[in-house]
Amino acid sequence: MTSNPNNPSNDDDTPKDPLAEMLQNLMGGQGMGNIDPAELAKAAGLPNDPQLLQQMFAQVQAMMSSTSEGPVNWQLAHENARRVAAASTDPSVNAVQAREIDEALRLAELWLDPVTDLSATGLIGHAWSRAEWVEATLGTWKRLTEPVANSVANALSTALTQQMPEEMKSMMGGASSMLQNMGGAIFGMQLGQAIGALSAEVVSSTDIGVPLADLEMALLPANVAKFGEGLSLPENDVRLFLAVREAAHARLFVQVPWLRGHLLGAIEAYARGIHIDMSRIEDLARDLDPSNPEGIQEALSQGVFTPERTPVQTAALEKLETALALVEGWVDELTAEATDKVLPSATALRETVRRRRATGGPAEHAFSSLVGLELRPRRLREAATLWATLKEERGIAGRDAIWHHPDLLPTGEDLDDPKGFSERRRLAEASDSEVDDALQKLLSGGYDTNEAGDADAPDAPDAPEKGDAAGKTPGKETEEDDTDTEGPAK
């Protein structure tokens, strides 16, 4: 029997799928059917849960045999996030918890009314489980991470294709789509892992400073209880303090409609310009031993897929961090004012939240390593000082009026010198006013007439002096005058 180079055979002349042979070689000669899911999970940094891994592995196999709508398998990310969220204790919210959260958020709205000029939202407060948080926020996560995810997935598939021997490329045939989706599957699994882990840390829908769920106000009872562990503070105080923070975030994003799009747009713009170092990925694909899961895990932990920042991206990140700090600083200041005289533990809770937001939790670090973006307000304290200074100078209404337009927002320089913000803004406004006045005068033709309303003639000779109708200079005569007045001598 003549062998077909595009359809190699076994010793018993049974046709052998070239893709199966490639996967068999890739997995150390074991073949897809005999791969140990625990070893695969260990290589990818996923939890070693036998039931979870078997289900995940079945999905990966199904993914490899199907087409994807894009370079990232978002369905796999979604399902992995749900599994990770459910892997730890995630009880459904009971009626008592739902009532406590609702009452806390209602009371928080009342406490905020005297300390801000922004009106209440009228939103209904929700109590979410971790799985419900994943469902409510995944659409925004996709929007925030898709530019980076596409870059990583394309880089991975390109590296795998480049490292493949030429004879294997010709054998791939119709299976090339599977290879293109492999990078998206890997990133989708890792992203789902990160989002699922975050669901065990966040206490509300806006806990990371970005409104992940549009027009929602919610707390996660299980995570609120976890937050209060070890603080030796009344559980009700912790819940009320976090409810005030959530209500303040919701009030800001609802009453300042442009702010959510401004923040998300800044994150998207930053993510679109991220550069993936192809040489590092190519080195990984060339040097890795598939039969050594420890080596794969070590390479992944070294951040080989972490996007690199360009100078332009660094500048964009600084602007983004300033915006995040302004949001967090405003919420921090309002929460302190609203709870100062009603919660004895408010000062201690404020400092706890500040430290937590400044350092971030393990899941937040994992997410930042994956997409190259940290959503932590590094300058929260400076921003809170700025808002407090503006309240002293302008009052509550004047302070909150800063949110009327993005052009009015303070800059990084203003965070460096909060007390000088008003003077710098006054000078800028005065300069803008002068430009506007000059432009208006130009458009109305004001520069074409003099103060008396006559046409200006800057190049015309001076007007005659008073009392000299001929325009002569006193004491001086022209040659023509001399000729006319001189008579003949007789």
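Everything that follows concerns the structure shown earlier in this document.
This report concerns the structure included in the present document. The shown structure was predicted, so the numbers you read here are calculated from the model rather than taken from an experiment. Numbers given to residues run from 1 along each chain, matching the order in which its sequence is written. A pLDDT threshold of at least 70 governs which residues receive local features in this predicted model, and a stricter bar of 80 or more applies before side-chain atom pairs are shown or counted, although totals over entire chains, interfaces and linings include all residues. Hydrogens are left out, water is left out, and the side-chain values use all remaining heavy atoms of the structure.

## What to know about unusual backbone geometry
Link 1 in the chain: Even without being a glycine, Leu215 presents a positive backbone phi close to 55°.
Link 2 in the chain: Looking at the element boundaries, Leu215 is found in the loop between helix 8 (176-198) and strand 2 (217-219). For helices the rule is a DSSP run of H or I covering at least 4 residues; for strands it is a run of E covering at least 2, with both sets numbered from the N terminus onward.

## A few points about the environment of Ala185
Link 1 in the chain: Position of Ala185 among the secondary structure elements: in helix 8.
Link 2 in the chain: Remark: the alpha-carbon pair of Ala185 and Gln75, spanning 110 residues in sequence, is separated by 9.4 Å.

## Let's talk about the environment of Val312
Link 1 in the chain: Relative to the helices and strands, Val312 resides in helix 14 (residues 311-339).
Link 2 in the chain: For each residue, the accessible area found with a 1.4 Å probe, counting protein chains only, is set against the maximum for its type, and the residue is called buried under 20%, exposed over 50%, and partly exposed in between. Using a relative accessible area of 62% as the deciding quantity, one classes Val312 as exposed.
Link 3 in the chain: In the structure, Val312 is positioned 42 residues away from Tyr270 in sequence and 8.9 Å away in space, judged by C-alpha atoms.

## Quick look at the nonpolar core
Link 1 in the chain: Joining through side-chain atoms within 4.5 Å is the link that ties buried Ala, Val, Leu, Ile, Met, Phe, Trp, Tyr and Cys residues into a set, and such a set is a nonpolar core. Formed by 79 residues in total, the largest nonpolar core has its most connected members in Trp133, Trp330 and Trp403.
Link 2 in the chain: Ignoring sequence-local partners within four residues, the contact set of Trp330 consists of Thr116, Leu118, Ala248, Leu252, Trp387, Arg399, Asp400 and Trp403. Two residues qualify as a contact provided that any one of their heavy atoms is within 4.5 Å of a heavy atom in the partner residue.

## Topic: the pattern of salt bridges
Link 1 in the chain: Throughout this description, the term salt bridge denotes a Lys or Arg side-chain nitrogen within 4 Å of a carboxyl oxygen of Asp or Glu. Taken as a whole and assessed by the stated rule, the structure comprises 22 salt bridges.
Link 2 in the chain: Linking Glu109 and Arg251 is a salt bridge whose minimum nitrogen-to-oxygen distance equals 2.5 Å. Linking Glu109 in helix 5 (residues 95-112) with Arg251 in helix 10 (residues 235-255), this pair joins segments that are 142 residues apart in sequence. We note that Glu109, like Arg251, is buried.

## Some points on the environment of Val224
Link 1 in the chain: By the secondary structure assignment, Val224 is in helix 9 (residues 221-228).
Link 2 in the chain: Along the sequence, Val224 and Glu201 sit 23 residues apart, while their C-alpha atoms lie 9.1 Å from each other.
Link 3 in the chain: Beyond its immediate stretch of four places on either side in the chain, Val224 contacts Val203, Leu219, Val238, Arg239 and Leu242.

## A word on the packing of helix 11 (residues 257-272) against helix 14
Link 1 in the chain: Throughout, an axis means a line fitted to C-alpha atoms (over the contacting stretch in the case of helices), and angles, computed between N-to-C directions, take values from 0 to 180 degrees. Between helix 11 and helix 14, the shortest axis-to-axis distance is 9 Å and the interhelical angle comes to 155°. On the basis of their axis angle, the class for helix 11 and helix 14 is roughly antiparallel. By crossing handedness, the relation of helix 11 to helix 14 is classed as left-handed. Residue-level inspection shows Leu259, Leu263, Ala266, Ile267, Ala269, Tyr270 and Ala271 of helix 11 in contact with helix 14, the latter providing Gln313, Ala316, Leu317, Leu320, Ala323, Leu324 and Val327.
Link 2 in the chain: Looking at the contact of helix 11 with helix 14 residue by residue, the classes come out as 13 nonpolar, one polar and no charged. Roughly parallel refers to an angle under 35 degrees, roughly antiparallel to one over 145, roughly perpendicular to one between 65 and 115, and oblique to any angle outside these ranges. For a crossing to be left-handed, the near helix must be turned anticlockwise from the far one by less than a right angle; the clockwise case is right-handed. Under the scheme applied here, ten amino acids are nonpolar (Ala, Val, Leu, Ile, Met, Phe, Trp, Tyr, Cys and Pro), four are charged (Asp, Glu, Lys and Arg), and all others, including Gly, are polar.

## Some thoughts on helix 14
Link 1 in the chain: To estimate the expected span of a helix, subtract one from its residue number and multiply by 1.5 Å. Counted at 1.5 Å a residue, the expected span for helix 14 with its 29 residues is 42 Å, and the 42 Å between its end C-alpha atoms agrees.
Link 2 in the chain: Most of helix 14 sits out of view: 22 of its 29 residues are buried.

## Observations concerning helix 9
Link 1 in the chain: Within helix 9 the residues assigned to the buried category are Pro221, Asn223, Val224, Phe227 and Gly228. The arc that holds the buried residues of helix 9, viewed along the axis, is 165°, so those residues lie on one side.
Link 2 in the chain: Downstream of helix 9 by a residue or two, Gly230 has a phi angle that is positive, lying close to 85°. Here the arc refers to the set of directions running from the helix axis out to each C-beta atom.

## Quick notes on the packing of helix 15 (residues 346-359) against helix 17 (residues 380-400)
Link 1 in the chain: Contact geometry for helix 15 and helix 17: axes closest at 10 Å, N-to-C directions at 130°. It follows that helix 15 is oblique to helix 17 by the angle criterion. Touching Arg350, Glu351, Arg354, Arg355 and Arg357 of helix 15 are Leu380, Arg381 and Ala384, all from helix 17.

## Looking at the side chain of Arg239
Link 1 in the chain: Considering the arrangement of structural elements, one finds Arg239 in helix 10.
Link 2 in the chain: Side-chain polar atoms of Arg239 contact the side chain of Asn236, separated by 3.2 Å.
Link 3 in the chain: Discounting residues that sit within four places of it in the chain, Arg239 has contacts with Glu100, Ile101, Ala104, Leu219 and Val224. Two N or O atoms count as a polar contact when they lie within 3.5 Å, although within protein this holds only if one can serve as hydrogen donor and the other as acceptor, and sequence-adjacent residues are included solely when both atoms are side-chain atoms.

## Focus on the packing of aromatic side chains
Link 1 in the chain: Here the aromatic set is Phe, Tyr and Trp, taking the six-membered ring for Trp, and pairing holds for ring centres within 6.5 Å; pairs whose planes are under 30 degrees apart are stacked, those over 60 apart are edge-to-face, and all others are tilted. One pass over the structure, following the stated rule, counts three aromatic pairs.
Link 2 in the chain: The interplanar angle of 85° and the centroid separation of 6.3 Å between the aromatic rings of Trp330 and Trp403 together place this pair among those described as edge-to-face. One end of the pair, Trp330, is in helix 14; the other, Trp403, is in the loop between helix 17 and helix 18 (412-416), and 73 residues separate them in sequence.
Link 3 in the chain: For Trp330, a relative accessible area of 0% translates into the label buried.

## Observations regarding the side chain of Glu333
Link 1 in the chain: The topology assignment puts Glu333 in helix 14.
Link 2 in the chain: At 3.3 Å, the side chain of Glu333 and the side chain of Arg350 are in polar contact.
Link 3 in the chain: Not counting the four nearest positions on each side in its chain, Glu333 is found in contact with Arg350, Ala384, Trp387 and Ala388.

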